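Structure assessment
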Amino acid sequence: MAPQGTDFDVVLVGSGMSGMALTYLINKRLPAAKICILEREGSVGGTWHLNSYPGAGCDVPSHLYSFSFAQNPNWSRFMSKRDEIAAYQKDVARRFNIDQQIRFNHGCNNAKWDEAEKIWRVNVTDYAKDSGNQYELTARAFVTAAGALHLPNDCDIKGAENFKGDIFHSARWNHKVDLTGKNVVVIGNGCSATQFVPILAEKSKHVRQFVRSMHYLMPNPDFNYSDKTKRRFSRLPLLMKFYRLVLAAFMDLAFTPFWANRLGKTLRADYQKKIRGYISAKCPEKYRDIIVPDFQIGCKRRVMDTGYLECLSRDNVDVTRDGLVEIKEHSVVTKSGKEYPCDAIVLANGFKVGKFEVDITGRYGETLEKHWDKYGRVEAYFSTCLNNFPNFFLSMGPNSGTGHYSYIFTSECQNEFIVQMLEQILPRRRSAVGTPANKAKTIEVTRKAEDDDVRWIDEQTEKTIVGRSGGCNAWYTKDGKNVALYPHYQMHFWYRAANPKWHHFTLNDKPAGTWLGGWVKTLLPVAGAAAIAATIAA
């Protein structure tokens, strides 16, 4: 049960993949903990609930893009589509009773740290009621699991408010709008657009796509799993786990070309030549200057070609870099002065990276915005913790992203780290009442540790092509700083998550550990293994 004076042990915002995985782990490791998940939508799913555009699918192998605790032998294909992933999430939520801990249609407005009581006060709106009733929850710990890409960019083009047709973002697809026989304008050409443009082209009168940048479009490796393969995975779970391990190893090695060293440069040059050749061969000649990338591979996340390059040969599809400057009632106008008829506009112009809908205030009245202003960018210690924000954790926070791996693996690693923090302040047993004497009231990262980690991110980024020497210009960076990617292998991320440096934290404002203690914990298993090996050898 929750300690006296609080409604919950943990209030968590978001029921997407990371929120679900964290809830499962807390339930397993801290069965006494009382959890409340606030979900603004009416269903679990996060990304895969909101992104329902035609052709939506994952670009990571299904057996790796799934929870380690709920591996699925029945994936229909190598890279699953949105509906199958959403169904999988709902099934996991039901099987592990995660859905019983969720308040659907409840949004978090703000959260404030109460220094006197050592608790978080969370203001909530119940959107299920017409009145939009607001109320307060209190909790020992507060976690946001909304992710970095959950707020779509707006349409800031002049005259958008006067448009007589429909405008919507691909991440908020309006299924009530029938685009059959319509003149459709698409703004953007990232992963989402390359998936839905080929489908729109089959039914729309004309699709005109305004692109801002190029992407490395990879040959699509997707295929359907046979019934025989699915039966083998079901009957031999160890085989399925081994398959997942092989996928994980090969995908993590794909980070190697990201390094700015000689090996990385050699691997990039060879890979770039192959992919540019593929794109040039599939893309109509008139669009090659627009579509074929002129920057290094790895500067942006690779995009799978799900029929996009082929659809560019259709008579009813046009692609241009002649940017839009104005939207009129029934048309759009470009920089060059050309005007095109338009019935609907679909935005595929990305997301507000690092922006939160929730106002969060820590110690001394410091808000997230004020905190990040000190660093000149969004950041967090190990993408998770902030000084002056006790008992607060970001799941999939700044610099947790990866351009080559599974988001779910990263999330589960980070959740392991978060639960180790929670274990310092929350009781394990259901019979516990209040805060046990041996439990701290607060855990917080030190200012020095956070500063050092931000410095490490910057230094490590400079060793990759995302650094200033790489010449990259992508949403990963803002004002020349890497705000999104973890600049190392995912195995490195996993090791850090499994082995917290306790001297980087305080418990009840006192050091949680020592530098020497961290090394002893790291080296003791190694020394033990060496001793056993020596004994056997003797």
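In this report, the structure presented in the accompanying data block is examined. (Residues numbered from 1 in each chain as written. Predicted model: local features only at pLDDT ≥ 70, side-chain atom pairs only at ≥ 80, totals over all residues. Heavy atoms only, no water.)

1. Brief notes about the overall build of the protein
- Secondary structure assignment for the protein yields 14 helices and 23 strands.
- Computed over C-alpha atoms, the radius of gyration of the protein comes to 25 Å, within 12% of the 24 Å expected from 2.2 N^0.38 for 538 residues, which places it in the range of a compact globule.
- With the C-alpha coordinates aligned to their principal axes, the bounding extent of the protein is approximately 70 × 70 × 50 Å.
- Each of the 538 residues in the protein was classed as buried or not, and the buried ones make up 55%. (Helix = DSSP H or I, 4+ residues; strand = E, 2+ residues; numbered from the N terminus. Rg over C-alpha atoms; globule rule 2.2 N^0.38 Å. Buried < 20%, exposed > 50% of the residue type's maximum accessible area, 1.4 Å probe, protein only.)

2. Here we look at the nonpolar core
- Core analysis: the largest hydrophobic core is formed by 106 residues, its most contacted members being Phe-67, Phe-196, Ile-291, Leu-312 and Leu-422.
- For this core, the element with the highest residue contribution is helix 11 (residues 407-422), accounting for 8 residues.
- Excluding anything up to four places from it in sequence, Leu-312 contacts Cys-283, Pro-284, Tyr-287, Ile-291, Val-317 and Val-319.
- One finds Leu-38, Leu-368, Phe-392 and Val-483 within the second-largest nonpolar core, a separate group that totals 26 residues. (Core = buried A, V, L, I, M, F, W, Y, C linked by side-chain atoms within 4.5 Å. Contact = heavy atoms within 4.5 Å.)

3. Things to note about the pairing of strand 13 (residues 324-327)
- Here 3 bridges tie strand 13 to strand 14 (residues 331-334), and the two strands are oriented antiparallel to one another. Bridging from a neighbouring strand, Ile-327 pairs with Val-332 of strand 14.
- With antiparallel pairing between neighbouring strands as the criterion, strand 13 and strand 14 make up a hairpin whose turn holds 3 residues. (Pairing = 2+ DSSP bridges.)

4. Side note on the packing of helix 5 (residues 227-235) against helix 6 (residues 237-253)
- In contact at an axis separation of 4 Å, helix 5 and helix 6 are set at 105 degrees when each is read in the N-to-C sense. Considered as vectors, helix 5 and helix 6 are oriented roughly perpendicular to each other. Contacts between helix 5 and helix 6 involve Arg-232, Phe-233, Ser-234 and Arg-235 from the first element and Pro-237, Leu-239, Met-240 and Tyr-243 from the second. (Axes fitted to C-alpha atoms, helices over the stretch in contact; angles between N-to-C directions. Parallel < 35°, antiparallel > 145°, perpendicular 65-115°, else oblique.)

5. Topic: the side chain of Glu-39
- In this fold, Glu-39 is placed in strand 2 (residues 35-39).
- Not counting chain neighbours up to four residues away, the residues in contact with Glu-39 comprise Gly-14, Ser-15, Ile-102, Arg-103, Phe-104, Asn-105 and His-106.

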